[in-house]
Amino acid sequence: MQEKYTYRNLPIPGGGYVTGFTFHENEPGVLYLRTDIGGAYRFCPDERRWVSLIDHVNMKDLRETFPIALALDDKDPAKLYIASGIWNNPPGRLSVSTDYGKHFTYYDMPMRVHGNLNGRGTGYRLIVDKKDSKRLYYASQADGLWTSPNGGADWEKLAAMPEDYLTFVGQTRDGRALIVGSAGITTKRSEHLRGKSLYVSYDEGQTFTQLWQPEDGEVEGVKLAGLVAQRYTMDRHYLYVTYSVMGPNAYVLEHGYSCDGGSVIGGKVVRYPIEQDGTIGQGEDITPPILCQGGANMFDTPERENRAGMDKNADGTQMLQHGFSGISCTMQKPGLLVVSTISKEDGDCMYRSFDYGQTWEVILYDLSVGRLDFRTSYMTPQYNGGHSLVHWMTDIKINPFNSQELWFNTGTGVFCTRNLLEDVVVFSDWCDGLEETVHLNLYSPPKGEVQLIDILGDLGGFAFRNLDKPCDNSFDDADGNRYITCINADYSDVDPDVVVVTPRGNWTGKTKGGLILSKDQCRTFERLSMPYGISEKINQALAAIERPNVNSGWVAISPDCKSLVWSVADNIFLPADMVIVSVDGGKSFRKANIYDLSGNCISDYPITEAAPVLEHKYPQNEALEEGKHIYAYGMKVFADRCDSEVFYGFGRHFELYVSTDGGCNFYQKKLPGNTPCVDFSLIDCANKTEVRGECGKSGVFYMALREQGLYKLVYDRAADEVSIIRLSRDGDIFYRMGLGVIRPGADYYKEDKAIYTAATIDGTYGFYRSTDEGRTYTRLNTDAQMYGEINSLEGDSRTYGRFYIATGSRGVLYGEPAASDDK
């Protein structure tokens, strides 16, 4: 059975890293962007909204959600090419549209492709030959330069290109010169110095020569120094290229050349003349000086100078401690050139030139130069330490038909100005329709103002009281400082005002990870004191959690709100010897004891170098090793929804541990023979299961276990017995599931529940609802309503038919039966 549904985003908006823009040079109003994990979008100028081009993508093939390059045909404005893929799941995918992205034809790409790896902010990597619209060029991330003679159907590697790790490919406007940027890995000059970064070919890639670039060299403390070409732009007279240098704190090596490698220590902007014969001439360093409007020193106080990340050269002049990336010019206004920094300690800034880069002025820097008019509440300075949140500004683009309009990206959405040529340039975030946050878990409280608790990456968590209005801020402290990347939340069904959450601390250090507790349904939070002193290992884990951006773990709270059980995390794993319990509402904690079927206290020895788990193979985890520890025992905790004395722990092989004393002692229970082998001990997106306790019933859980199917587990406390019922048929795959009210006007606490699921049933993937324990299903979507990766699904506890979708690609959505006039 099929029911027509309408889907809408709960608006964040923005929230993720946009990695590049592409304007059509010959057709007004054609603008696209690509994201790291959320696919590509087309801008609708009439509505001034972004429209997703990946709503058709489903869990069976997620390659389109990771685009690394977009390309347009100068001669055909409706033609669009998108290169995307998943690194360890080749081949890459080339999506080709002839109608502005409404429909696609697909071709395989015979090289590794991934839109969410370090260096994703460089480009363009894919272009259409200006002389032959059938020919494409592609600069791959690690497999060299490729060309296709027939629009992507077939590919050939251009062996003359000496470097495999590339950053972009481009052509001069007449198509006579082919320019390629490289990361200088294959051609390293020494162990700690990259090869040269810029090449040109005048024979369609049959031979290449190096172009001039400024001198560079090894840098003390930098594992792989050397200038790396980031982006380019061209007018009739010049080719302009930005460069950056990997810094000492980069957490990757080969791909550590852009802002998302974690550290950039220097950069350059170079202008190359385009000669009359079509060749590229000697480059000239036009790197902007550290100057403000009017030529004054921008850093007029020692504090501001220090915040800007500047050191002194031996002669006392300022030395850059950031790179350059975004760069754009326009044929409409000759001489206009704009460039952006990357990895500037206090946030990136933007420079403008009216004379081809001979002189520069700063037009955007924090809140002191230019003007930022925020349209989205969580982006405002009051929620960002009093500063601009602009960072990772790797791409900027001037509208080729309007020199006043410029777009720039950030790690948290996109911004636009429509007065670029004025003295004071005004920028506004413009993310309408752009939803690319990664959502991890969803919860629909059975009562209270909050309709949905949304747990997500980066921004942490939102409590939606109005499904169609953005929240003022994500979960924060009393001063408005955000927590980031929460892993889960739990609340009491008896008193849903009490909510406990496991956040990471933010990058500024103004919030710290651990547990935060709300008693007013997420309006305000109190951070619980860290329970040092339980064990040395737990002490080390808690100290790590108090550093920025470290997973806190997984938590459960009893219905009476007195007991909290916390599975403290080691990265993405939940070790059994780091489960702790509080019986006084979080004031104090002690270690929980966990016993196996033989009565051994496994929480005393969960680490082994020869754990039997390594003999098993799992779809989501073949053998988990965090650091040097291989964990034999792990446990994710859940509270009984009715009985405050009962907690449950699910282990690495579907072991079930039950506590009947408020979480102090857990005992493994014997399971029936039909129990599947599933690992529950992972968090974040690493755990490919979903477990839901049923509100109003003690000991009842529903579980979506992917290829293993959909199960119902019932623990009978009086008999101390466990039953497991498989609710699915062989061959059906259940990715995610949630529970909702079973009929209009039903009592959610007392009646059975509707099951909502993202699943493949009878060979068809989609969203489904069952009101009879999985015996029959109604499909709730079409092939155009898929929304990419699904990390969590939840039914609405109060409104029949409504359910919520936590995506890893398209934000968080809710679906409802279509209104009669939509049918």
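Nothing here was measured: the structure is a model prediction, and the numbers come from that model.

**Here's the deal with the overall build of the protein chain**
Alright, step 1. What the protein chain contains, in helices and strands, is two helices and 61 strands.
Alright, step 2. Expected size for 823 residues packed as a compact globule is a radius of gyration near 28 Å; at 28 Å, the protein chain falls within 12% of this value.
Alright, step 3. Across its three principal directions, the C-alpha atoms of the protein chain cover 90 × 60 × 50 Å.
Alright, step 4. Per-residue burial for the protein chain yields a buried fraction of 64% across its 823 residues.

**Some remarks on the sheet that holds strand β35 (residues 460–464)**
Alright, step 1. Taken in spatial order, the three strands of this open sheet run β33-β34-β35, and their pairing is antiparallel. In this open sheet, the two edge strands, each paired with only one partner strand, are β33 (439–443) and β35. For this sheet, the mean inter-axis angle between neighbouring strands, taken without regard to orientation, is 15°.
Alright, step 2. Bridge analysis of β33 against strand β34 (residues 452–456) gives four bridges, and the strand direction is antiparallel.

**Things to note about empty space enclosed by the protein**
Alright, step 1. Here the structure, examined in full by the defined rule, presents five cavities of 30 Å³ or more.
Alright, step 2. Estimated volume of the largest cavity: approximately 540 Å³.
Alright, step 3. Residue assignment for the lining of the largest cavity shows that the elements contributing at least two residues are β33, β36 (489–491), β40 (553–557), β47 (636–639), β51 (690–693), β55 (733–741) and β59 (790–795).
Alright, step 4. Classifying every residue of the lining of the largest cavity gives 21 nonpolar, eight polar and nine charged.

**Side note on the pattern of salt bridges**
Alright, step 1. Scanning all chains against the criterion turns up 47 salt bridges.
Alright, step 2. Overlapping salt bridges, with partners in common, bring together D61, R63, E64, R93 and D108 in one network.

**Focus on the nonpolar core**
The nonpolar side chains of a soluble globular protein tend to be buried, and buried together.
Alright, step 1. Counting 47 residues, the largest nonpolar core has W50, M350, L406, W407, F408, V414 and F427 as the members making the most contacts within it.
Alright, step 2. Membership of the second largest hydrophobic core comes to 40 residues, among which are I594, F680, I683 and Y711.

**Re the confidence of the model for the protein chain**
Alright, step 1. Considering every residue of the protein chain, the mean pLDDT works out to 92; 93% of them sit at 70 or more.
Alright, step 2. Counted against residues more than four places away or in other chains, residues 291–317, with its pLDDT under 50, gives 55 contacts.
Alright, step 3. Per-residue pLDDT stays below 50 along residues 608–628; that stretch engages in 42 contacts with residues further than four places along the chain or on separate chains.

**Remarks on the side chain of E655**
Alright, step 1. Tracing the sequence through the fold places E655 in the loop between β48 (647–650) and β49 (656–659).
Alright, step 2. Buried and without a salt bridge, E655 has R652 as its closest oppositely charged side chain, separated by 7.2 Å.
Alright, step 3. The contact partners of E655, leaving out residues within four places of it in the chain, are G649, F650 and Q668.

**Remarks on the environment of M234**
Alright, step 1. Within the fold, M234 resides in strand β18 (residues 227–234).
Alright, step 2. For M234, a relative accessible area of 8% translates into the label buried.
Alright, step 3. For the pair M234 and R173, spaced 61 residues apart in sequence, the C-alpha separation works out to 8.0 Å.
Alright, step 4. Among residues more than four places away in sequence, those in contact with M234 are Q171, T172, R173, I179, L239, I274 and C329.

**Remarks on the sheet that holds strand β42 (residues 579–582)**
Two pairing modes exist for strands in a sheet, parallel and antiparallel, and in both the strands are linked by backbone hydrogen bonds.
Alright, step 1. In spatial order, the strands read β40-β41-β42-β43; together these four strands make up an open sheet with antiparallel pairing. Whereas interior strands pair on both sides, the edge strands pair on one side only; in this sheet they are β40 and β43 (590–591).
Alright, step 2. When strand β41 (residues 564–568) meets β42, the two strands line up antiparallel, connected through four bridges. Counterpart to V565 in the pairing with β42 is V581.
Alright, step 3. Sheet contacts for helix α2 (residues 536–545): β41 and β42; angle to β41, the most-contacted strand, approximately 85°.

**What about the packing of aromatic side chains?**
Alright, step 1. What the rule picks out here adds up to 42 aromatic pairs.
Alright, step 2. For the pair F462 and F464, a centre-to-centre distance of 6.0 Å together with 45° between the ring planes defines the contact as tilted. For the pair F462 and F464, a shared accessibility class is recorded, and that class is buried.
Alright, step 3. Measuring from ring centre to ring centre gives 5.6 Å for F638 and F650, while their planes differ by 80°; the resulting arrangement is edge-to-face.

**Overview of the pairing of strand β15 (residues 178–182)**
Regular strands place their side chains on alternate faces of the sheet.
Alright, step 1. Across the five residues of β15, five count as buried, placing the element largely inside the fold.
Alright, step 2. Covered by surrounding structure in β15 are L178, V180 and S182 together with I179 and G181, the residues of both alternating faces.
Alright, step 3. Of the strand pairs in this sheet, strand β14 (residues 166–171) and β15 are connected by five bridges, and their pairing is antiparallel. If you follow L166 over to β15, its bridge partner there is S182.
Alright, step 4. With antiparallel pairing between neighbouring strands as the criterion, β14 and β15 make up a hairpin whose turn holds six residues, including G175 at a positive phi of roughly 75°.

**Topic: α2**
Alright, step 1. Burial runs high along α2: seven of the ten residues are buried.
Alright, step 2. If you check which residues of α2 are buried, you get K537, I538, N539, A541, L542, A544 and I545.
Alright, step 3. Residues of α2 that are buried in the fold lie against β41 and β42.

**Here we look at the environment of A759**
Alright, step 1. Note on placement: A759 falls in strand β56 (residues 753–761).
Alright, step 2. Between the alpha carbons of A759 and R736 there is a distance of 7.1 Å; along the sequence they are 23 residues apart.
Alright, step 3. Once residues lying within four places of it in the same chain are set aside, the contact partners of A759 are I733, F734, Y735, T764, Y765, G766 and Y768.

Criteria and cut-off values
Residues numbered from 1 in each chain as written. Predicted model: local features only at pLDDT ≥ 70, side-chain atom pairs only at ≥ 80, totals over all residues. Heavy atoms only, no water. Helix = DSSP H or I, 4+ residues; strand = E, 2+ residues; numbered from the N terminus. Rg over C-alpha atoms; globule rule 2.2 N^0.38 Å. Buried < 20%, exposed > 50% of the residue type's maximum accessible area, 1.4 Å probe, protein only. Pairing = 2+ DSSP bridges. Axes fitted to C-alpha atoms, helices over the stretch in contact; angles between N-to-C directions. 1 Å grid on protein atoms, 1.4 Å probe; cavity = no way out; pocket = protein on both sides within 12 Å on 5 of 7 lines; lining within 4 Å. Points joined across faces, edges and corners; volume = space filled by probe spheres on them. Nonpolar A, V, L, I, M, F, W, Y, C, P; charged D, E, K, R; others polar. Salt bridge = Lys/Arg side-chain N within 4 Å of Asp/Glu carboxyl O. Core = buried A, V, L, I, M, F, W, Y, C linked by side-chain atoms within 4.5 Å. pLDDT = per-residue confidence, 0-100. Contact = heavy atoms within 4.5 Å. Lys, Arg positive; Asp, Glu negative; His and termini not counted. Phe/Tyr/Trp six-rings, centres within 6.5 Å; stacked < 30°, edge-to-face > 60°.

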